[in-house]
Amino acid sequence: MATERILFIIPPYFNVDDYRADNRSSVLPPFTIPYGILSLHAYLADRCSVSPEIDILDLNLPLRQAVTEGDTDRILSRFDELVAERVRTFRPTLAGISALFNVSFRYLQDIARVIQAQLPSTLIVAGGGLPSAAFREVLELCPDIDAICKGEGEIPLRDLVDAGDKSVLLNEHPSWITREGVAAGKIPSHTFVQDLDDIPMLDYGTVDLDDYNARSIDKRYSDEKKREMAVHTSRGCPFLCVFCSNPALHGRQVRAMSVERVAAEVRRMKERWGLTVLLIEDDHFFFDKSRAKAVLRVLAQLQVRIEFPNGVAVYAIDEEIAELFSRAGVSTVALAVESGSDYVLNKIIKKPLKIGLVKDKVEMLRRHGVQSHVFIVLGLPGEMPEHRRQTLDLLLDVGFDWAHIFCAIPIFGSRLHEICVEQGYIRESNFLDHVNTKSVIRAPGVDPEQIEDTAYQMNLSVNFVHNYNLASGNYETAIKYFRNVAAKYPEHAFAHQALARAYGGVGEQDLAARATRRFEHIVASDPWWHEQAVRHGLLADYEAGRGVSNAL
Ligand code: SF4
């Protein structure tokens, strides 16, 4: 049997157009190790009759470079060139386009078209959350994509690689769907690896880890040398939060690695690749609390710093978990709070969380030296202005170390997408705007322009004007967070103003004065920032010539 040559391509997962315009709310999303592809690679290498050759092209990397260099004008033709060049040099027999979210839709056909034009014999398939949930739309709008895999791809791809007649396999396999299958009314179904220990250990050396070394959310360590790596110790989630597509991709029954396997994998990451920061990216790490505790206990022996960047279930945290977090080296968790309204949580999102619990849990974590970030989502149908006010009240009352405030996206595969389609709530828009800084839902109580503004104002208020660490005198921590923002967004007036207050707090008067001048220059030269400063009451002291000390 001839060796299969598989080229995996990851389309951009953010909208390049946002970085062409002067859009202040556009932030580069975290760049995540292509964990799913590394898992496919490991499985195929071990389980196919003849181990395939693999290559990976992540188009987010050249896009990030173009954004960083302010040179995005030619980026779409650059993508075409990169794909064509890789196809010419690698000559794939099979191309797999892996896309998670709606925003990547725009790029799918362009990528497939270039592959088809360069090497027409290549079989082109797509997988991941987006094609898996939107298989009809993708097959209709992307004529150069031959088939789509439903859900996780380890077993379906192995079966495809090993198949004698691939077109027969694609038509007959329960997890593959083609245009013929759609026409015949076929509904593809999942074929999961039931025991995650069956997937061999991942070869993280397949990618350049330096390209994925900035996902960490704890900005106290931004200046330190580090090696970040991600692990998914389990897949699946029993809940059905309205905006989430994870259960549609990974199922509602959770499958997990054994504790021994987690320990062995992380030990190998440390020894072979110099891991210093472990990012645990499970859908629902606490699906089984006793297992979660056992994992934390073994990780405590490995002496790495740990973060949970994907959101942790608040209700699962108790004194023992907080203590285990501390022992295991967990410095920061992102708490999946989502809203300050019990009505929104229980009636709209359908999340088993009571708002009254949140503050105690955050304080519990803080007593054990663990920082809390928080995820908030605004603009769900049925959410009213008073619910958003409750959210702001919660954020100001609890005092999180940082708040990540997003606009709801009707992600393919989520219940929210189904609701929005049924009710006609998605305002005229293309998928490129389906990013978490933009609101594309118009529904009762939800005006998209207002939602975007509220999300941004909440961010300015909670993270800068009323920043918890600044208000609590934790100036060193505050300085690290604000410096991180100011470095990424040099024109962010509020970051400089907050930095001035933090430097003032530690007696660094020269640095405080410099940050103040920067703030004053921005608000004097940029009417938009001037307006924000007025809205948040930041100008009175400066205009009265009292400077930074009175702003504290
Ligand atoms: S948001 Fe988290 S808890 Fe809710 S369904 Fe998704 S993975 Fe599960």
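Residues numbered from 1 in each chain as written. Predicted model: local features only at pLDDT ≥ 70, side-chain atom pairs only at ≥ 80, totals over all residues. Heavy atoms only, no water.

This is how it is decided: UniProt positions are given in the numbering used here, feature names are shortened, and annotations may be inferred rather than shown by experiment.
The name that an unreviewed UniProt entry assigns to the chain is Radical SAM protein, with the source organism given as Methylomarinum roseum. UniProt's Cofactor (unreviewed entry) comment on the chain is quoted here verbatim: "[4Fe-4S] cluster".

1. With respect to the overall build of the chain
Defined as follows: For the purposes of this entry, the term helix denotes a DSSP run of H or I that reaches at least four residues, the term strand denotes a run of E that reaches at least two, and both are numbered from the N terminus. Here the radius of gyration uses the C-alpha set of atoms, whereas the globule reference equals 2.2 Å times the residue count to the power 0.38. Only protein chains enter the accessibility calculation, which uses a 1.4 Å probe. A residue is then buried if its area is under 20% of the maximum for its type, exposed if over 50%, and partly exposed in between. Any two residues having at least one pair of non-hydrogen atoms within 4.5 Å are treated as being in contact. A 1.4 Å probe and the Shrake-Rupley method give the accessible areas. Residues count as covered only by the protein chains that appear here. A residue counts as positive if it is Lys or Arg and as negative if it is Asp or Glu; His and the chain ends are not included. Where a charge lies is defined by one atom per residue type: Lys uses NZ, Arg uses CZ, Asp uses CG and Glu uses CD.
A count of helices and strands for the chain gives 25 helices and 14 strands. Relative to the globule expectation of 24 Å for 552 residues, the C-alpha radius of gyration of the chain, 24 Å, shows essentially globular dimensions. Its C-alpha atoms give the chain principal-axis dimensions of roughly 80 × 50 × 45 Å. Burial statistics for the chain: of 552 residues in total, 57% are counted as buried. In the chain, the share of contacts with a sequence separation of at least 24, taken over all contacts with a separation of at least 6, comes to 74%. For the chain, the exposed surface amounts to about 22200 Å²; the carbon and sulfur share of it is 49%. Looking at charge distribution, the chain has the averaged site of its 61 positive side-chain charges lying 3 Å from that of its 75 negative ones.

2. Some thoughts on the packing of aromatic side chains
As a reminder, the rule being used: Here is the rule: rings of Phe, Tyr and Trp (six-membered ring for Trp) pair when centre to centre is within 6.5 Å. Planes less than 30 degrees apart are stacked, more than 60 are edge-to-face, and the remainder are tilted. Whether a charge sits over a ring comes down to the Lys NZ or Arg CZ being within 6 Å of the ring centre and within 35 degrees of the ring normal.
For the structure on display, the rule yields 20 aromatic pairs. Seen from their ring centres, Tyr204 and Trp273 are 5.5 Å apart, and the 65° between their planes marks the pair as edge-to-face. One end of the pair, Tyr204, is in the loop between α9 (179-183) and β7 (228-231); the other, Trp273, is in helix α11 (residues 259-273), and 69 residues separate them in sequence. Trp273 carries the same exposure label as Tyr204, and that label is buried. Sitting above the plane of the Phe192 ring, Arg255 keeps its charged end 4.0 Å from the centroid.

3. Considering the sheet that holds strand β11 (residues 305-312)
Definition in use: Pairing between strands is defined by DSSP: at least two bridges between the two strands are required. Axes, fitted as lines to C-alpha atoms, cover a helix only where it is in contact. Angles between the N-to-C directions of the axes lie from 0 to 180 degrees.
Pairing is parallel across the open sheet formed by six strands, whose spatial order is β7-β10-β11-β12-β13-β14. Looking at strand neighbours, the two that pair on one side only are β7 and β14 (402-407), the edges of this open sheet. Between one strand axis and the next, the sheet turns through 20° on average, direction left out of account. Helix-sheet contacts for helix α15 (residues 358-367) involve β12 (330-338) and β13 (371-378), and the interaxial angle to β12 is about 175°.

4. Some points on the packing of helix α22 (residues 509-525) against helix α23 (residues 527-535)
Applicable threshold: Any angle between 65 and 115 degrees counts as roughly perpendicular, while under 35 counts as roughly parallel, over 145 as roughly antiparallel, and the rest as oblique.
Running from N to C, α22 and α23 point in directions that differ by 110°, and their axes come no closer than 5 Å. In terms of axis orientation, α22 runs roughly perpendicular to α23. Each of Phe519, Ile522, Val523 and Ser525 in α22 lies in contact with α23, whose residues at this interface are Pro527, Trp529, His530 and Ala533.

5. Observations regarding the site of the ligand
Just so we agree on the cut-off: Put simply, a residue is near a molecule or strand once any heavy atom of it comes within 4 Å of that molecule or strand. Basically, the charged four are Asp, Glu, Lys and Arg, the nonpolar ten are Ala, Val, Leu, Ile, Met, Phe, Trp, Tyr, Cys and Pro, and anything else, Gly included, counts as polar.
Every residue near the ligand is listed here: Cys237, Phe239, Cys241, Phe243, Cys244, Asn246, Pro247 and Asp283. The class makeup of the residues in the shell around the ligand is six nonpolar, one polar and one charged.

6. Describing the sheet that holds strand β6 (residues 176-177)
The strands that make up a sheet are held in pairs by hydrogen bonds between backbone atoms, and each pair lies either parallel or antiparallel. Strand order across the open sheet formed by six strands is β2-β1-β3-β4-β5-β6, with mixed pairing between neighbours. Across the chains shown, the open sheet's two edge strands, defined by having one partner strand only, are β2 (53-58) and β6. Of the strand pairs in this sheet, strand β4 (residues 123-127) and strand β5 (residues 147-149) are connected by two bridges, and their pairing is parallel. Bridge assignment links Val125 to a residue of β5, and that residue is Ala147.

7. Regarding the nonpolar core
Applicable threshold: To qualify as a nonpolar core, a set must consist of buried Ala, Val, Leu, Ile, Met, Phe, Trp, Tyr and Cys residues joined through side-chain atoms within 4.5 Å.
Ile145, Tyr204, Leu278, Phe308, Phe325, Val337 and Leu380 are the most contacted members of the largest nonpolar core, which has 156 residues in total. Aside from chain neighbours lying at most four places away, what touches Val337 is Val314, Leu345, Leu353, Ile355, Val358, Val374, Phe375, Leu394 and Phe400. Among the nonpolar cores identified, the runner-up in size contains 29 residues, and Trp402, Phe464, Leu470 and Ala486 belong to it.

8. Overview of helix α13 (residues 319-328)
Quick reminder of the rule: By definition, the arc is the one covered by directions from the helix axis to the C-beta atoms. We define a polar contact as two N or O atoms separated by no more than 3.5 Å, with the added condition that, inside protein, one atom must be a possible hydrogen donor and the other a possible acceptor, whereas residues neighbouring each other in sequence contribute only through side-chain atom pairs.
Among all positions of α13, only Ile321, Ala322, Leu324, Phe325 and Ala328 are buried. All buried residues of α13 lie within an arc of 160° about the axis, which places them on one face of the element. At its buried positions, α13 is contacted by α12 (289-300), β11, β12 and α15. The opening residue of α13 is Asp318, an N-cap whose side-chain oxygen sits 3.1 Å from the backbone nitrogen of Glu320. Gly329, located one to two residues past α13, shows a positive phi value of around 90°.

9. Examining the side chain of Glu152
Of note, Glu152 is situated in the loop between β5 and α7 (154-162). Polar contacts involving the side chain of Glu152 include one to the side chain of Arg255, which spans 2.7 Å. Residues in contact with Glu152, not counting those within four places in the same chain, are Thr191, Phe192, Val193, Arg235, Leu249, His250 and Arg255.

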